[in-house]
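A closer look at the structure
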Amino acid sequence: MNQDESKIQNLKINEIIKRVHPPDGLQDFQKAFSKTMSQPFLFNNKEKQSFQYQKDKYATEIVELMEDRQDLKGIDRLSTYNQQYWFRLLTSMQGLYPVLVQHLGLYCFNQLVTAYLVVHPSKSPSLDQLDDEFPQFILNGHHRWQNENTLLYFDMVSLDFIFSKAFVSMQKESLITSSLTAEQVGALAQEPLPFQPSFHLFKSDWNVLECRRIVIRNNSNKDSGQNSNQEALPIKKETCQLAVYRKNNQLFIEELHPLAFNLIENLFQGTSLSDALGELSEKVSEAELAYLSSNIQSWFQKW
């Protein structure tokens, strides 16, 4: 299921929910149980990498309903549900953002994600939209990780965010210009060009693509048992300009020349091809303009 289909399905589910009127007692119970299950962990011992449950914030009426069983008290049984709720959310976010996991460490990453989910809790049975606000939260979430590295964190998260969204986006038919007449191509050049929903541009002042490749390699080696020693991330200032897209259910990365990035960025923002090339022609050499023109057709077919 792609992202758009998932959103449509969630809207349908929400409409059905609105038409259902459960008994007041059941509704109150569900709200109290949900509030109890979603109580965030307290990460207060980084040295021991441990967390605590906030049992004092569990709904009293839910605690009273839970019976003791064998060696587990009722409130401890509730903690198990509380644990599973957060483990599912945290492990999902860990899988989506492996670069920041390695950079911050798992403990600090879980703290950060918990702070995010307290402000932006899951609102859907599907986890597809769980991280929709995460990059902006990193940038301006007023959390304790905001420091001189905030823009680096934002870029790390943004690249992984693009990958996750490109993977679930719908795919439309590619534009095959060879089947068009010269007149049709000319008309097309005067209009904003539609891009595939899975297409994304990414620009950073850091070597985040190199870091991502290292993290993928580290995780692959760890999963296969080849090497337990992680390769460190060689973070450094380095211009990174990319196109990320999906084709035949595979994700691709293409590093772009600055000229190509500027042109595609203008097209992506709705400038017509004719206007974008006209604007560039005043700033670039004939050789550079020829480079752009020679690649445009292949870009059409991919993006």
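Quick look at the structure, then. This one's a predicted model, so the numbers in the text were calculated from it and none came from an experiment. (Residues numbered from 1 in each chain as written. Predicted model: local features only at pLDDT ≥ 70, side-chain atom pairs only at ≥ 80, totals over all residues. Heavy atoms only, no water.)

Helix and strand counts for the protein chain stand at 13 helices and 5 strands. Compactness check: the protein chain gives a C-alpha radius of gyration of 24 Å against a globular reference of 19 Å for 303 residues, more than 25% above the reference. When the 303 residues of the protein chain are sorted by exposure, 41% land in the buried category. Taking the intrachain contacts of the protein chain between residues at least 6 apart in sequence as the baseline, contacts between residues at least 24 apart amount to 67%. Carbon and sulfur atoms make up 50% of the accessible area of the protein chain, which totals about 17800 Å². (Helix = DSSP H or I, 4+ residues; strand = E, 2+ residues; numbered from the N terminus. Rg over C-alpha atoms; globule rule 2.2 N^0.38 Å. Buried < 20%, exposed > 50% of the residue type's maximum accessible area, 1.4 Å probe, protein only. Contact = heavy atoms within 4.5 Å. Areas by Shrake-Rupley, 256 points an atom, 1.4 Å probe, with all protein chains shown as cover.)

Our next topic: helix H12 (residues 273-281). Among the residues of H12, Leu273, Ala276, Leu277 and Leu280 are the ones counted as buried. Down the axis of H12, the buried set is contained in an arc of 95°. They therefore lie on one face. Of the surrounding secondary structure, the elements contacted by the buried residues of H12 are helix H11 (258-268) and helix H13 (286-302). (Arc of directions from axis to C-beta.)

Under the definition given, this model contains 19 aromatic pairs. Aromatic side chains Phe33 and Tyr81 sit 6.0 Å apart centroid to centroid with 65° between the ring planes, which places their arrangement in the edge-to-face category. In this pair, Phe33 sits in helix H2 (residues 24-37) while Tyr81 sits in helix H4 (residues 74-96), placing the two residues 48 residues apart along the sequence. Judged by relative accessible area, Tyr81 falls into the partly exposed class, the value being 43%. Put simply, the rings of Phe41, Phe43, Phe51, Tyr53, Tyr85, Trp86, Phe87 and Tyr107 pair up and form one aromatic cluster. The positively charged end of Arg212 is found above the aromatic ring belonging to Phe163, 3.8 Å away from the centroid. (Phe/Tyr/Trp six-rings, centres within 6.5 Å; stacked < 30°, edge-to-face > 60°. Lys NZ or Arg CZ within 6 Å of the ring centre and 35° of its normal.)

Direction of pairing for strand E4 (residues 237-247) relative to strand E5 (residues 250-255): antiparallel, over a ladder of 6 bridges. When the bridges of E5 are listed, Tyr245 appears paired with Phe252. (Pairing = 2+ DSSP bridges.)

Turning next to H2. With 14 residues, H2 should cover 20 Å at 1.5 Å per step; its first-to-last C-alpha distance of 20 Å lies within 8% of that length. Residues of H2 that are buried: Ala32, Thr36 and Met37. Projection of H2 onto a plane perpendicular to its axis shows the buried side chains occupying an angular sector of 130°, all on one side. For H2, the exposed residues lying more than 90 degrees away from the buried face are Asp24, Lys31 and Lys35. Check the buried side of H2 and you find it contacts helix H3 (60-65) and H4. (Expected span 1.5 Å × (residues − 1).)

Taken together, the 3 strands give an open sheet; going across it, the order is E3-E4-E5, and neighbouring strands pair in antiparallel fashion. Because the sheet does not close on itself, it has two edges, and the strands there are strand E3 (200-206) and E5. Strand-to-strand twist of the sheet, defined as the mean angle between neighbouring strand axes without regard to direction, takes the value 25°. Those strands touched by helix H8 (residues 150-168) are E3, E4 and E5, and its axis lies near 160° from that of E3. (Axes fitted to C-alpha atoms, helices over the stretch in contact; angles between N-to-C directions.)

On to a negative patch on the surface, then. Where like charges cluster on the molecular surface, the negative patch consists of Asp24, Asp28, Glu61 and Glu64. Broken down by secondary-structure element, the contributors of at least two residues to the negative patch are H2 and H3. Mapped onto the elements, Glu64 comes out in helix H3. (Patch = residues over 30% accessible without salt bridge, like charges linked within 9 Å, V, L, I, M, F, W, Y side chains within 5 Å. Salt bridge = Lys/Arg side-chain N within 4 Å of Asp/Glu carboxyl O. Lys, Arg positive; Asp, Glu negative; His and termini not counted. Charge placed at Lys NZ, Arg CZ, Asp CG, Glu CD.)

One way to put it is that H12 packs onto H13 with a least axis distance of 11 Å and a crossing angle of 155°. By the angle between their axes, H12 is roughly antiparallel relative to H13. The crossing of H12 and H13 is right-handed. Each of Leu273, Leu277, Leu280 and Ser281 in H12 lies in contact with H13, whose residues at this interface are Leu289, Leu292, Ile296 and Phe300. Its residues assigned to classes, the contact of H12 with H13 shows 7 nonpolar, 1 polar and no charged. (Parallel < 35°, antiparallel > 145°, perpendicular 65-115°, else oblique. Left-handed = near helix turned anticlockwise from the far one by under 90°. Nonpolar A, V, L, I, M, F, W, Y, C, P; charged D, E, K, R; others polar.)

On to the side chain of Ser79, then. When you line up the elements, Ser79 lands in helix H4. With a relative accessible area of 4%, Ser79 lands in the buried category.

A separate point is the nonpolar core. Ranked by internal contacts, the top residues of the largest apolar core, which has 45 residues, are Met93, Leu100, Leu112, Phe134 and Ile138. Looking at this core element by element, the count peaks at 10 residues for H8. With residues near it in sequence (within four places) discarded, Ile138 still touches Leu100, Leu112, His143, Gln146, Thr150, Tyr153, Phe154 and Val157. Counting residues in each nonpolar core, the second largest holds 25 residues, with Leu193, Phe195, Leu277 and Trp303 among its members. (Core = buried A, V, L, I, M, F, W, Y, C linked by side-chain atoms within 4.5 Å.)

Before going further, it helps to examine the side chain of Thr114. Counting through the fold element by element, Thr114 comes out in helix H6 (residues 106-119). Judged by relative accessible area, which is 6%, Thr114 ranks as buried. Once you skip the residues sitting within four places of it in the chain, Thr114 turns out to touch Pro40, Phe41, Phe43, Trp86 and Leu90.

What follows deals with the environment of Ile214. Within the fold, Ile214 resides in helix H10 (residues 208-224). Leave out the neighbours within four places in its chain, and Ile214 touches Glu231, Ala232, Leu233 and Pro234.

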